[in-house]
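Report on the structure
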Amino acid sequence: MDLLSRQGLRTDGRRSGELRRIRCKMGVFNQPDGSAYLEQGNTKVVAAIYGPHEIRTNRSKAPNDCAVINCQYSMATFSRSERKRRPRDNKSAELTLHLKQAMATAIKTDLYPKSQIDIFVQVLQSDGGNYSVCVNAATLALIDAGIAMEEFVISCTSSLANGETPLVDISHLEETMGGPSVTVAILPISGKIAMLETSQRIHINHLEPVLSEAVRGCRYIYEILNKIIKKHYEEIGGALNWGTEEYNI
Amino acid sequence: MTMKVTSKTFIRKTKRGNILKIVREHYLRDDIGCGSKICKKCKHNNEKPLVKHQSINTDFPDKHYLLVDTNVVLHQIDALEDDTLKNVIILQTVLEEVKHLSHSVYKRLMDIIGNYSRSFYVFVNVYHKDTYVERVRGESPNDYNDRMIRVAALWYNKHLDDKIKVLLLSSDEASKAKAINEGIPTMSLEQYVSGLNNVTLTDKLSNRSCMVEETSKEPIFPPHLTPAIIHQGIKSGKLMQGTFFASTDNFLEGNVFVEGQEKNILLQGREHLNRAINGDIVAIEMLPESQWSAPANLVLADYDDLDLENSWDTVEKPKEKYPTGKVVGIIRKKWRQYCGIIQHSLVENATRHLFVPADKKIPKIRIETRQYDKLKDQRVIVAIDTWPRTSRYPLGHFVRSLGKIGEREAENEVILLEHDVPHSKFSDEVLGCLPKETWTISAADLVGRKDFRDLDICSVDPPGCTDIDDALHCMPLENGNFQVGVHIADVTHFVKPGTAIDIEASQRATTVYLTGRRIDMVPGLLSSNLCSLRGGEERLAFSCVWEMTPNAEIVNSCYTKSVIKSKAAMTYDQAQLIIDDQNQDNSIALGLRQLNKFAKILKKRRIDAGALVLASPEIRFLVDSETRDPLDVEVKQLKETNSMVEEFMLLANVEVAKKIYSDFPEFAVLRRHPKPPPSNFESLIKAAAHLGVELNVDSSRDLANSLDKAVKLDNPFFNTMLRILATRCMLQAVYFASGTKTFDEFLHYGLAAPIYTHFTSPIRR
């Protein structure tokens, strides 16, 4: 099966540089301090933020000058076509660490000394790029929670079709059928890389084009999310809108 | 651009038997062009191969494009390959179905599409927002595909505003009726072609419809079982699956090789062969042991030889019986196109003829042609379409003519086609990878190379050889040892991995030598110029340089890229003369003499280790210099120098194999020659025993020794013949990656080398 047909279309009808459809909603839950729901294609994720709040566990080890970030990545048992036994396994423990690393680069932890910020993400439906979507959802949720950040953390994946054409934002099928894939998380304004991972060995000549395609994907996602956020706050936060729409209900 | 997204959902069973529901996104686009030059609506029409239609069809006078359905492609690919059919739309649906059903047809279709002058256009209907249709519950995949084809045909006709009609070609009556009902212009390919009044094209049509008249006859063959029953039978062990090999001498006999069975299963008689064709994967059922039989030792070419039906009975009953079976179904047909001639016909103006393939393992094929007078003395290619139960012979159709019988060009073509040798001219893309004709070594090329231009290097090859890929040198060192170098042309400098030239060469795999013609693996500029280590010219090479003691022990070795300048390109005869002429004492002569001494030591060492000397006598054709007709055949005379070059090539291959294995233990490309199973020798031992010669095949050394002893004074050819026959008992040597086998399995049986690779002759393999 070809990941990229001669006509330049991928198995789901996208071209090599096109993202999947993005849909999102901020503030989906009332209990946490911030939350977001994000869909990239068939990968659907919810993120919830608690905090900053007092440190509950391990109070002795807590640093005095900055906040502790606590992450948890999990997959719903119904998120894949085969039911998962338990939502957290070794793989998600690894992704938890990666998530913590990526988010810690952007959160201004020194503004919240002696406190803790909890980030919970759960994959509701999995179709490739789970980690990336979780990073993006966590960013939205942190913004919703009003936690100070340097800038967004945006992540995207990329892989290689037929050994030459980079594919951006890969689906599960492309993850399993294709060659090595690259996951990158960047801070889009400064261009810093917060996290970079390859699924397997990748040829050095391929790394550059694949990585730059993933970064380009991140910038597109940033633009889209930025627009969504602005619209969201215009709706709920703009003085003009007070007393209209939802607030009447 | 806006995109709509829907989803495709399907159910799949995993290996473990779990049922999975799989959901995939499916994006519908509006940027897929229709591919027509006259269309002004499509904004994203990047590729526009469909031009205004010119050819005139009496059955369909309007200007039109063609849109073919899957069955037309599958069954009539030969007709589609004809240049007269132009402006054809291939739907993605059709392309995928073809790919799924027949890989060979798919490849041929892709070749046609790639040929721009044919004006074929692939319309990706499944991702187009207006032509995508969702599968209805309960709709079979076939019906769904047919519906998609009809929707696309309808869309095209609407899209092109009747300026150009799109004519759907469909062979299935039911779907044709449906299409006409929906207002799509539709006909069968046969009907369309008959409107073109083109005899060659008509002949190329597959022979499916003409068998209607024959179905009235009594079936000759038992029916094949359905795939489901075969599958069940194999699972339960009642049936076996294997590859069918037809006998070369007897068209009513064949063998089936079943994996895991010690002996091949014998098949005898028309009904038991049941329409299997050489190479097919068949399902067979064993006969009860009472009906087991033995090969008939008869030469039968056709039913005509069977004039006495009872000739079977007159054959004395054999004593030894072989497992015998019968074909109950054909699992995978390995039909290809066959070269041959049309059998002489007694009836004038007949249109039905018999085709006799060049390969004796293939049955005669019945074809229909109106060009008998033109084709009767030609070599032609024919493809098989079907083999109905009522027909003695398979039914096929004419594909193309190769030329007159007996003409060198045509006969060469037959040899090349029958052995599946790719021999077309190199494509422009491949030639584009070549350096300029005037290429010379630049300073940049010398980086990382050792400069051996001052060494007295020479090459020794057969006369007339233009692809010289190896050269040798030898010089004494101060400590009494010798420096010996084997220099191999560095083809990798010109052929980079993954380029068109690399892909082409990997498909050709080897250079093929015919009488008076050579089919190169890499283009001539490389094979006989830039990579050929010609005398007096600077060339890039890959060198093995060893320090050897006078006893030919290697004490030091070095492998490096290099640049060399061969002092002389000699023939075997010339080199032999220099060695024998004691008056010559220049460095080249001294070097050659020393190399010759070394070679003798190396050869003895190899033979002692048990290397086989098998005979495959090399022959040479004497070719008339003007007409290029072959005049005579002679056996190549082997001189000492032949063996000298051979020994050093073997040495280089073995040493390089050791080197790459130590550096890349996981993925060194090596070559191994497995020890043949004792059963392979059975017939040879039996035959030799008849003549009072005993052969011991326990190890390669035992075999070599007993072959040496098997000499008959009254018949000098006897020993050579035995060696030729022994060669036939061997298994194929194979390439492999070192990580896939254990070290014990690396053995090269024929050369008695524990490890071996093909480092030499990079130009031709």
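Reading guide: rules and limits
Residues numbered from 1 in each chain as written. Chains lettered and ligands numbered in written order. Predicted model: local features only at pLDDT ≥ 70, side-chain atom pairs only at ≥ 80, totals over all residues. UniProt positions renumbered as here; feature names shortened; annotations may be inferred. Helix = DSSP H or I, 4+ residues; strand = E, 2+ residues; numbered from the N terminus. Buried ≥ 20, exposed ≤ 12 C-beta atoms within 10 Å, placed from the backbone. Contact = placed C-beta atoms within 7 Å. Axes fitted to C-alpha atoms, helices over the stretch in contact; angles between N-to-C directions. Parallel < 35°, antiparallel > 145°, perpendicular 65-115°, else oblique. Nonpolar A, V, L, I, M, F, W, Y, C, P; charged D, E, K, R; others polar. pLDDT = per-residue confidence, 0-100. Pairing = 2+ DSSP bridges. Core = buried A, V, L, I, M, F, W, Y, C linked by C-beta atoms within 7 Å. Left-handed = near helix turned anticlockwise from the far one by under 90°. Expected span 1.5 Å × (residues − 1).

An unreviewed UniProt entry lists chain B under the name Protein DIS3 homolog, with Aphis gossypii as the source organism. Recorded in UniProt for chain B, the comment headed Sequence similarities (unreviewed entry) runs: "Belongs to the RNR ribonuclease family." Its UniProt record, at the heading Cofactor (unreviewed entry), says of chain B: "Mg(2+)".

The name recorded for chain A in an unreviewed UniProt entry is Putative exosome complex component RRP41, from Aphis gossypii. Of the comments in the UniProt record for chain A, the one headed Subunit (unreviewed entry) reads "Component of the RNA exosome complex." Taken from UniProt, the Sequence similarities (unreviewed entry) comment for chain A reads in full: "Belongs to the RNase PH family."

**Some points on the overall build of chain A**
Each helix and strand in chain A was counted, giving four helices and nine strands. When the helices and strands of chain A are listed from N to C terminus, the series reads β-β-β-β-α-β-α-β-β-α-β-β-α. Across the 249 residues in chain A, those meeting the buried criterion constitute 41%. Counting contacts in chain A only where the partners sit at least 6 residues apart, residues at least 24 apart contribute 69% of the total.

**Describing the overall build of chain B**
Check the secondary structure of chain B and you find 23 helices and 28 strands. The 765 residues of chain B split such that 32% are buried. Expressed as a percentage of contacts within chain B between residues at least 6 apart in sequence, the contacts between residues at least 24 apart total 67%.

**Concerning the packing of helix H18 (residues 572-580) of chain B against helix H19 (residues 587-608) of chain B**
Packed helices, taken two at a time, are described by the angle their axes make and the gap between the axes. Residue and element names in this part refer to chain B. Put simply, H18 and H19 touch, their axes get as near as 9 Å, and they point 95° apart. Comparing their axes, H19 and H18 come out roughly perpendicular. Here H18 contributes Ala575, Ile578 and Ile579 to the contact with H19, which in turn contributes Ala589, Leu592, Arg593 and Asn596. Of the residues assigned to the contact of H18 with H19, the class counts are five nonpolar, one polar and one charged.

**So, the confidence of the model for chain B**
Residue and element names in this part refer to chain B. Per-residue confidence for chain B averages 84 on the pLDDT scale, and 94% of its residues sit at or above 70. For residues 210-214, every residue scores under 50 in pLDDT, and the model assigns this stretch seven contacts once sequence neighbours within four places are set aside. Both scores are given for the predicted complex: the pTM is 0.65, the ipTM 0.89.

**Some remarks on the sheet that holds strand E11 (residues 281-286) of chain B**
Residues and elements named next belong to chain B. Here five strands make up a closed barrel; going around it, the order is E8-E9-E10-E12-E11 and the pairing mixed. With direction set aside, neighbouring strand axes in the sheet form an average angle of 50°. Here strand E8 (residues 239-246) pairs with strand E9 (residues 253-257) via four bridges, running antiparallel. Bridging across to E9, Thr243 finds its partner in Phe257. In the packing of helix H9 (residues 227-236) onto the sheet, contacts are made with E8, E11 and strand E12 (324-332), and the angle to E8 comes to roughly 105°.

**Overview of the nonpolar core**
Membership of the largest hydrophobic core comes to 67 residues, with the highest contact counts inside it found for Leu472, Val491, Val522, Leu595 and Phe648 of chain B. Among the elements that take part in this core, helix H20 (residues 640-663) of chain B stands out by supplying eight residues, more than any other. Not counting the four nearest positions on each side in its chain, Phe648 of chain B is found in contact with Leu472, Val486, Leu595 and Ala599 of chain B. Core analysis: the second largest hydrophobic core is formed by 59 residues, Ile49, Ala106, Val184 and Ile221 of chain A among them.

**Remarks on the sheet that holds strand E5 (residues 115-125) of chain A**
All names here are of chain A. Spatial ordering of the open sheet is given by E1-E2-E3-E5-E4, a layout of five strands whose pairing is mixed. The strands lining the two open edges of the sheet, one partner per strand, are strand E1 (22-26) and strand E4 (68-75). Going from strand to strand, the sheet's axes swing by 15° on average, the running direction of each strand aside. Where E1 lies against strand E2 (residues 34-40), five bridges are found, and the strand directions are antiparallel. Residue pairing across strands places Cys24 opposite Leu38, the latter belonging to E2. Strand contacts of helix H1 (residues 90-104): E4 and E5, with the helix running at about 140° to E4, the strand carrying the most contacts.

**A few points about the interface of chain A and chain B**
Of the residues lining the interface, 13 residues belong to chain A; the matching set on chain B comes to 15 residues. Of the residues contributing to the side of chain A that touches chain B, the split by class is two nonpolar, six polar and five charged.

**Focus: the packing of H19 of chain B against H20 of chain B**
Residue and element names in this part refer to chain B. Interhelical geometry of H19 versus H20 gives an angle of 65° and a closest axis separation of 9 Å. With respect to their mutual orientation, H19 and H20 come out roughly perpendicular. For H19 against H20, the interelement crossing comes out left-handed. Contacts between H19 and H20 involve Leu595, Asn596, Ala599, Leu602 and Lys603 from the first element and Glu640, Ser643, Met644, Glu647, Phe648 and Leu651 from the second.

**Some details on the environment of Pro388 of chain B**
Residue and element names in this part refer to chain B. One can find Pro388 in the loop between strand E16 (378-386) and strand E17 (395-404). Assessed through the 17 C-beta atoms surrounding it within 10 Å, Pro388 is described here as partly exposed. Note: C-alpha distance between Pro388 and Pro223 (165 residues apart in sequence) is 9.3 Å.

**As for the pairing of E9 of chain B**
All names here are of chain B. Between E8 and E9, which pair antiparallel in sequence order, lie six residues. Taken together, the four bridges between E9 and strand E10 (residues 265-268) define a ladder with antiparallel strand orientation. Of the residues in E10, the one forming a bridge with Asn255 is Leu266.

**Some thoughts on unusual backbone geometry**
In this model, Gly51 of chain A is joined to Pro52 of chain A through a cis peptide bond whose omega is 0°. Checked against the element boundaries, Pro52 of chain A lands in strand E3 (residues 43-54). Unlike most non-glycine residues, Asn274 of chain B shows phi in positive territory, near 45°. By the element assignment, Asn274 of chain B lies in the loop between helix H10 (270-273) and E11. Classification of Asn274 of chain B as buried rests on a count of 22 C-beta atoms within 10 Å.

**Here's the deal with the environment of Phe648 of chain B**
Residue and element names in this part refer to chain B. Positionally, Phe648 belongs in helix H20. A count of 24 C-beta atoms within 10 Å places Phe648 in the buried class. Put simply, Phe648 and Leu595 are 53 residues apart on the chain and 8.6 Å apart in space, counted from C-alpha to C-alpha.

**Thoughts on the confidence of the model for chain A**
Atom-level detail of predicted coordinates should not be read off regions where pLDDT is low. Per-residue confidence for chain A gives a mean pLDDT of 90; residues scoring 70 or more make up 94%. Here helix H3 (residues 172-177) of chain A stands out as the least confident element of chain A, with mean pLDDT 89; helix H2 (residues 130-145) of chain A is the most confident, with 96.

**Observations concerning the pairing of E3 of chain A**
All names here are of chain A. When you tally the buried positions in E3, you get nine out of 12 residues, the bulk of the element. Pairing between E2 and E3: seven bridges, direction antiparallel. Its bridge partner lying in E3, Glu39 is registered against Lys44. Counting the residues in the hairpin turn of E2 and E3 gives two residues, including Gly41, whose phi is positive at 65°.

**Here's the deal with H20 of chain B**
In a regular helix each residue adds 1.5 Å, so 24 residues correspond to 34 Å; H20 of chain B covers 35 Å between its end C-alpha atoms and thus fits that length. Looking only at H20 of chain B, the buried set comprises Thr641, Met644, Val645, Glu647, Phe648, Leu650, Leu651, Ala652, Asn653, Val656 and Ala657 of chain B.

**Things to note about the environment of Gly34 of chain A**
Residue and element names in this part refer to chain A. Looking at the secondary structure, you find Gly34 in strand E2. Gly34 gets classed as buried once you count the C-beta atoms within 10 Å, which come to 23. Remark: the alpha-carbon pair of Gly34 and Ala145, spanning 111 residues in sequence, is separated by 3.8 Å.

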